[in-house]
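Given next are the chains, with one letter for each unit.
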Amino acid sequence: MKLRYIKFNIKPGLLFIAVLFLLALGSCKKALDTAPDGKISLDEVFADHDKTGAYLNNCYGNIPLKGLHYFFWSRGPVEWCDDAWDTDAEAESWIKSGRMYNGVASAASHPILEFDDARNGAYWDRYWNSIYMCSYFLSRIDKATVRTEVDRKRWAAEAHLLRAYYYSELLKWFGAVLPIEREPFSFTTDFSKLKKASYYEVVKFIIEDCDAALATAELPWRITTGAQGERVTKAMAEAIKSKMILFAASPLNNGGQNYWQEAYQINKIALQNLRDHGYALYTQVNFPQTYLSDVAFIGPDKDPHAALYNEYFNQAMDYTDQPVDKETIYQLGGGGPAWITDGIGAQAGYKSGTCPSQELVDAYETKDGQPILNLSNPYLDEQHLLPNYNTANTLYNPQDPYSNRDPRFYATIYYNGSKRNCWWGFNEVAESAENFPGAAGQRTRIIATWMGEPQTGLDATVRSKTRTGYYERKFLHPNSGENFNIEPAPAKLFRLGEVLLNFAEAAANAGQTEDAYAAVNEIRSRVGMPGLPTGLSQAELIVRVQNERRVELALEENRYFDVRRWTTPGGDLSKTDKWITAAAITRNPNGSYTYGRRTVRSTPRACYTNKFLWVPIPLNEASRLLGSTGQNWQNPGW
């Protein structure tokens, strides 16, 4: 069944709190007896097979698009952590990233709480809306008119899994300020008895819903036809369980309890079940004519592993029983003008969007497997201008910083001196005359990010240039550009690579070092990196796993949540998110370069303090909860 919708016009804000407080909002009971379009009764909906299916389809309607689909074609959380800087943040301080960097956020007006058209933002409203719809669907599906019991069971499983997903998203953003809703709230509910569940209790409820989906034979492990694209699967249930038990065990969320052994066991089973049902890492270049001829990967190391990694993120998941991509578990809707909003934006005179930070660049090891920095204490100063170099690394040269690096670095980031297929609208001296092997007669663009370079150099205010000395590479198709527009592939919401790293982190923290090594080394082997050195202490292994997570999942939204969950409830993000640095590159008269560092701006970000560990509950809804239950539900500091 394809995702076709009855048009449900539910306004933001009229969801969880609206359902809880319909009387206070002046609604009447009739509102509960009609479908959300207000034109037919819910009894009519569930008396008809197609309308019942359409109601379920609308439960999918608030799955966010993520990727580039945040406000003003940005990457949202990617730019709100220490992975990147948004080029719009300074010149356009009213934009969400600018407001985050300046700390212009309150419970009444917070950038993440505000409404975005692409289902990103307004998460409290959107997700409680969908949770209510899923719960209501589950309360009606057993007696609904459905043509086959196969459909009835599968649809119920999907509703359970969708509810688990929305709860997981609420937990990630807002933390333990949620009640558990097994049944849809009604006028007879005594809201004064509503209670906040602990983080762990909500995660166990999420696992309960996932297990209900996994126990349903009618729910598939993989979608094999395009007509059913974007429907949820058992594989997604395992991925949600894997992530959320990891989050529950983390220092920010564990309430002083040790859940690492449970996280290890759940992840071990999830990973094995995914493997048993055909999920595997993407390990082969399937489009060599595009990716192995990409000049970005011809040098400096001529390593095909970079092409492999880049190909994976620039190809959409295929819906067949024998897909080329066996790694992706769930992909979102795609599209977006990445070639002018998220890359080297100067070629169209627009913006460069996501500029990877020097901190992210520092995270990539050299190809011998040695970290650049001492990962336990990477910087000797608050502003990150004094790197604490790893003295065991003999390959890294601060004045030749981009040689001999992890292949994922070349597949993820454009740096000073990297190459680009010449589909771009440049006409300047920095363009080389060498032929581009992928297209006869084309020429290669050499990326220049030194200070003062007129089109693509480091600049503090021009949005088409880089803020950090780097441009995003990971999600940009090799041949896309001003005269050859190729939209990016859909964002990969869950993938096996992340589950492997979830398992590795849980195993390392649970003392299961052999399994932690094996999982991390499987990820590293895919890109030709050597395994982690044996004999690491548990603390050293945990740090290496965390860094591996940063590198493998770079710019995929995970870092925003990871730096938070690795923090204690009373801590802050001053070591990671307060100062963000850039490569300060000077071009010398003889054409050589001198490499230094500078802060992206002269003042720190303000979104590093303790209160920014969580997003606040919208002020009006926090007030209603306080009035109804006598408890303060609001997150600390808001």
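For clarity, every value in this text was computed on a predicted model and none was experimentally measured. (Residues numbered from 1 in each chain as written. Predicted model: local features only at pLDDT ≥ 70, side-chain atom pairs only at ≥ 80, totals over all residues. Heavy atoms only, no water.)

Novice: Help me out: how do you make sense of the overall build of the protein in this one?
Specialist: Broken down by element type, the protein carries 20 helices and eleven strands. The burial tally for the protein puts 60% of its 638 residues in the buried class. Partitioning the contacts of the protein with sequence separation of at least 6, the portion at a separation of at least 24 is 72%. With an accessible surface of roughly 23,000 Å², the protein has 51% of that area assigned to carbon and sulfur atoms. (Helix = DSSP H or I, 4+ residues; strand = E, 2+ residues; numbered from the N terminus. Buried < 20%, exposed > 50% of the residue type's maximum accessible area, 1.4 Å probe, protein only. Contact = heavy atoms within 4.5 Å. Areas by Shrake-Rupley, 256 points an atom, 1.4 Å probe, with all protein chains shown as cover.)

Novice: Help me understand the packing of aromatic side chains, please; the structure alone is not making it clear to me.
Specialist: How two aromatic rings sit relative to each other is given by the distance of their centres and the angle of their planes. For the structure on display, the rule yields 43 aromatic pairs. Between W124 and W128, the aromatic rings sit 5.9 Å apart at their centres with planes inclined by 70°, giving edge-to-face as the arrangement. On the criterion of helical spacing, the pair formed by W124 and W128 is a turn pair, its members being four residues apart in helix α6 (residues 123-140). Accessibility assignment for this pair places W124 and W128 in one class, buried. Residues Y560 and F561 carry aromatic rings whose centres are separated by 4.9 Å and whose planes lie at 80° to one another, so their mutual orientation is edge-to-face. Across the pair, exposure class does not vary: Y560 and F561 are buried alike. In this structure, K474 packs its charged tip against the face of F313, placed 4.3 Å from the ring centre. Above the face of the Y312 ring, K492 is positioned so that its terminal group lies 4.6 Å from the ring centre. (Phe/Tyr/Trp six-rings, centres within 6.5 Å; stacked < 30°, edge-to-face > 60°. Lys NZ or Arg CZ within 6 Å of the ring centre and 35° of its normal.)

Novice: I keep staring at helix α19 (residues 558-565) and nothing clicks. Help me out?
Specialist: Helical geometry note: an α-helix holds 3.6 residues per turn, so side chains three or four residues apart project in the same direction. Burial of α19 is extensive: eight of the eight residues sit out of reach of the surface. All buried positions along α19 are accounted for by N558, R559, Y560, F561, D562, V563, R564 and R565. Contacts from the buried residues of α19 go to α7 (149-174), α9 (234-249), α16 (496-509) and α18 (538-552).

Novice: Sorry if this is basic, but what is going on with the environment of Y379 here?
Specialist: Here Y379 lies in the loop between α14 (358-363) and α15 (407-412). Look at Y379 and you get buried, because its relative accessible area is 12%. Taking the C-alpha atoms as reference points, Y379 and K575, 196 residues apart in sequence, are found 9.0 Å from one another. With residues up to four places along the chain from it excluded, the contact list for Y379 reads E359, D362, L373, H384, L386, P387, N388 and R597.

Novice: How do you make sense of helix α17 (residues 513-526) when you look at a structure like this?
Specialist: Taking 1.5 Å per residue as the helical rise, α17 with its 14 residues ought to reach 20 Å, and the 20 Å between its terminal C-alpha atoms agrees with that figure. For α17, the complete set of buried residues consists of A516, Y517, A519, V520, I523, R524 and R526. Summarising the contacts, the buried residues of α17 are in contact with α12 (304-313), α15, β9 (492-495), α16 and α18. A positive phi of about 80° marks G528, the residue just after α17. (Expected span 1.5 Å × (residues − 1).)

Novice: What exactly am I supposed to notice about the environment of K578 here?
Specialist: By secondary structure assignment, the location of K578 is in the loop between α19 and β10 (581-587). Beyond its immediate chain neighbours, meaning those up to four positions away, K578 contacts E382, L573, P604, R605 and Y608. Of note is the side chain of K578, whose polar atom sits 2.8 Å from the side chain of E382. (Polar contact = N/O pair within 3.5 Å; in protein donor to acceptor, adjacent residues only side chain to side chain.)

Novice: What am I meant to see in unusual backbone geometry here?
Specialist: Both trends apply: most residues other than glycine have a negative phi, and most peptide bonds are in trans. The backbone phi angle of A122 is positive, close to 50°, even though this residue is not glycine. Note that A122 resides in the loop between α5 (96-102) and α6. What makes A122 buried here is its relative accessible area of 3%. The phi angle at E557 is positive, at roughly 85°, despite the residue not being glycine. Examined against the element boundaries, E557 turns out to sit in the loop between α18 and α19.

Novice: Can you help me understand the side chain of T449 in this one?
Specialist: Looking at the secondary structure, you find T449 in the loop between β7 (443-446) and β8 (471-472). With residues up to four places along the chain from it excluded, the contact list for T449 reads Y415, N416, T456, G457, L458, T466, G469, Y471 and I585.

Novice: What is the right way to read empty space enclosed by the protein from this model?
Specialist: Rolled over the atoms, a probe sized like a water molecule indicates the empty space that remains. According to the stated counting rule, one finds nine cavities of 30 Å³ or more in the structure shown. Reported here for the largest cavity is a volume of approximately 440 Å³. Counting only elements with at least two residues in the lining of the largest cavity, the list comes to α7, α9, β9 and α19. The residue makeup of the lining of the largest cavity, split by class, is 16 nonpolar, six polar and ten charged. (1 Å grid on protein atoms, 1.4 Å probe; cavity = no way out; pocket = protein on both sides within 12 Å on 5 of 7 lines; lining within 4 Å. Points joined across faces, edges and corners; volume = space filled by probe spheres on them. Nonpolar A, V, L, I, M, F, W, Y, C, P; charged D, E, K, R; others polar.)

Novice: How should I be thinking about the pairing of β10 in this particular structure?
Specialist: The two faces of the sheet receive side chains in turn, since in a regular strand these alternate between them. Counted residue by residue, β10 has five buried out of seven residues, so it is predominantly covered. Here β10 pairs with strand β11 (residues 593-599) via seven bridges, running antiparallel. Paired with T581 across the two strands is T599, which belongs to β11. Hairpin connection from β10 to β11: five residues lie between these consecutive antiparallel strands, with G591 at a positive phi of about 90°. (Pairing = 2+ DSSP bridges.)

Novice: Just checking my understanding: could you explain the packing of α9 against α19 for this structure?
Specialist: Working note: a packed helix pair is described by the angle between its axes plus the distance between those axes. Two numbers describe how α9 lies on α19: the axes approach to 10 Å, and their chain directions differ by 30°. Of the possible angle classes, the one that applies to α9 and α19 is roughly parallel. Note on packing geometry: the crossing formed by α9 with α19 is left-handed. For the pair α9 and α19, the contacting residues are K243, L246 and F247 in the first and N558, F561, D562 and R565 in the second. In terms of residue class, the contact of α9 with α19 is made up of three nonpolar, one polar and three charged. (Axes fitted to C-alpha atoms, helices over the stretch in contact; angles between N-to-C directions. Parallel < 35°, antiparallel > 145°, perpendicular 65-115°, else oblique. Left-handed = near helix turned anticlockwise from the far one by under 90°.)

Novice: What's the story with the pattern of salt bridges in this structure? I'm lost.
Specialist: Two side chains of opposite charge can pair, provided their charged atoms sit close to one another. Using the criterion set out here, one finds 41 salt bridges in the structure. Notably, a salt bridge pairs D362 with R597, separated by 2.8 Å at the nearest N-O pair. Placement of the pair is D362 in helix α14 and R597 in strand β11, with a sequence separation of 235 residues. Of the two residues examined, D362 and R597, each falls in the buried class. A salt bridge links R495 to E556; the nearest nitrogen and oxygen atoms lie 2.9 Å apart. Linking R495 in strand β9 with E556 in the loop between α18 and α19, this pair joins segments that are 61 residues apart in sequence. The pair R495 / E556 is uniform in exposure class, with both members buried. (Salt bridge = Lys/Arg side-chain N within 4 Å of Asp/Glu carboxyl O.)

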